[in-house]
Amino acid sequence: MNSLFEKQDSLNSPIETFLFDTEKRDFPVKQHWHYFAEFIYILKGRAEITCDGRAYIVSEGELIIFYPSSVHSIDSADSSPVLFAGIKFDSAKFQNTSSYAPSVTAILRYARTKDMQIHFNVREAEALHCREIFSDCVREAEQCLYGRDIVLRAQIYRLIFGIVRQWISAGLDINSCPISSTEIYGIEDIAEYIDRRLEETIRVADIAEKCHMSYSGFAAKFREQYGMSCKEYIERMRIFKAEEYLLFTDHNLTFISRQTGFSDCSHFIRCFKEHTGLTPKQFRRNKKQPR
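Residues numbered from 1 in each chain as written. Predicted model: local features only at pLDDT ≥ 70, side-chain atom pairs only at ≥ 80, totals over all residues. Heavy atoms only, no water.

Draft legend 1. Molecular detail of the sheet that holds strand β9 (residues 119–120). In spatial order, the strands read β1-β8-β3-β6-β9; together these five strands make up an open sheet with antiparallel pairing. Strand pairing shows two members of the sheet lacking a second neighbour, β1 (15–21) and β9, which therefore form its edges. Bridge count between strand β3 (residues 37–44) and strand β6 (residues 63–66): four bridges; the pairing is antiparallel. What sits directly across from glutamate 38, in β6, is phenylalanine 66. Helix α3 (residues 130–143) contacts β1, β3, β6 and β8 (83–89) of the sheet and is inclined by roughly 105 degrees relative to β3. (Pairing = 2+ DSSP bridges. Helix = DSSP H or I, 4+ residues; strand = E, 2+ residues; numbered from the N terminus. Contact = heavy atoms within 4.5 Å. Axes fitted to C-alpha atoms, helices over the stretch in contact; angles between N-to-C directions.)

And the structure:
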C-alpha cells in the first residue's frame, strides 16, 4: 500500500493548475495529502469528496478547498462522469506585502483551527468568480504566455482573499490571526516521516528528539500546527490508511491492522469505530455497495 503522502515540487512548480476528466484519467482519486493548498471547482457532474474525515457532495458550479496537509479524496457521487478544474499552490510562496494583514499561510492555518467553511455553493462560488478564475488559470498554464506566473498569482490572490472576506462575513476574527506564520522546525519532514512509518511503533518522544525539541515543546508546536496532538494525528493517519486497504484491497482485518500499526485487530476495530462510527466490516460493505 502506497504512502498517503504526495510530494510536490515547490521549488520548480509552486503553482499547478489542471483539468481532470474522470472519463480520461484514473479515478477515483484515492486519499492523499500534500503540503500545497488545493482548490477544486466542479465543471460537470457531482463529486463525493472527503477531507480530513468529513464527506461533502460537491455539485456543478461549486467550490471546495483543501488546507495544506489535509487528507482528501475525490469520487463520483452517482457513478456519472465528473469534470473539475484544480489549482494547487505552495501557500508559503504567497507572501503578503502589506504590514497589517497576515500571510496566506497564517490565514489558512488560522481558518483551519476555527473550522471555517471549505465547501462553497453555487451562489457563493459565483460571488468568488470561480468559473472565470479557474478558466483563466488553466488557460495561462497551458499557453505559457509572457507574464504567466504573475497572472496566475494575481488570480489566486483574488480567489484567496475573496474566500477570506466570506469567512470574515461568517464571523472569522481576522484581527486575532498572527501577522506572520513562523515555521515550525522540522514539522514537514516529521509529518512525512510519520506517514512512511505508520506500520511501525511510533513514540512521540522519539519524534520530538528527532526535531531536537523537548517533549513538551514539540507537543505544543505540533498542536499549534495541526490542531491536535501528535498521538491523535498518528492515529488519524492510520485510520485513513486503513480505509484505503478496506476500499481497494480484499485483505482481512488482521493483515490491515498489522500494516497500519495497530497493536492488534481488536484495537484496530475499536479505534476505527471511534473515528468513523462504523466497524471496518461495515465501512467496507457500505462503501463497496453499488451506487
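Draft legend 2. Focus on unusual backbone geometry. Proline 28 follows phenylalanine 27 through a cis peptide bond whose omega is 5 degrees. Relative to the helices and strands, proline 28 resides in the loop between β1 and β2 (29–32). A positive phi angle, close to 55 degrees, is found at aspartate 115, a residue other than glycine. Judged by its relative accessible area of 48%, aspartate 115 is partly exposed. The backbone of histidine 129 shows a phi angle near 60 degrees, a positive value even though the residue is not glycine. Tracing the backbone through its elements, the reader meets histidine 129 in the loop between α2 (122–127) and α3. The class for histidine 129 is partly exposed, based on a relative accessible area of 40%. (Buried < 20%, exposed > 50% of the residue type's maximum accessible area, 1.4 Å probe, protein only.)

Draft legend 3. How the structure looks around the sheet that holds strand β5 (residues 54–59). Pairing is antiparallel in the open sheet, where four strands are placed in the order β2-β7-β4-β5. The open sheet has two edge strands with one neighbour each: β2 and β5. Taking the axes of each pair of neighbouring strands and ignoring which way they run, one obtains an average angle of 20 degrees across the sheet.

Draft legend 4. Quick look at the pattern of salt bridges. A complete count under the given rule lists 10 salt bridges for this structure. Across the salt bridge formed by aspartate 78 and arginine 46, the nearest N and O atoms sit 3.7 Å from each other. Of this pair, aspartate 78 sits in the loop between β7 (72–76) and β8 while arginine 46 sits in strand β4 (residues 46–51); the two residues are 32 residues apart in sequence, bridging distant segments of the chain. The partner of aspartate 206 in a salt bridge is arginine 203, and the shortest N-O contact between them spans 2.7 Å. (Salt bridge = Lys/Arg side-chain N within 4 Å of Asp/Glu carboxyl O.)

Draft legend 5. Looking closely at the pairing of β6. Across the two faces of β6 the burial is the same, with Leu63 and Ile65 and Ile64 and Phe66 all buried. Both β6 and β9 contribute to a ladder of two bridges, which runs antiparallel. Residue isoleucine 64 lies in a different strand from β9, and its bridge partner there is histidine 119.

Draft legend 6. View of helix α7 (residues 215–226). Compared with the 16 Å implied by 1.5 Å per residue over 12 residues, the 16 Å span of α7 between its first and last C-alpha is a close match. Taken residue by residue, α7 has Phe218, Phe222, Gln225 and Tyr226 as its buried positions. Buried positions in α7, seen along its axis, are confined to an arc of 75 degrees and lie on one side of it. (Expected span 1.5 Å × (residues − 1). Arc of directions from axis to C-beta.)

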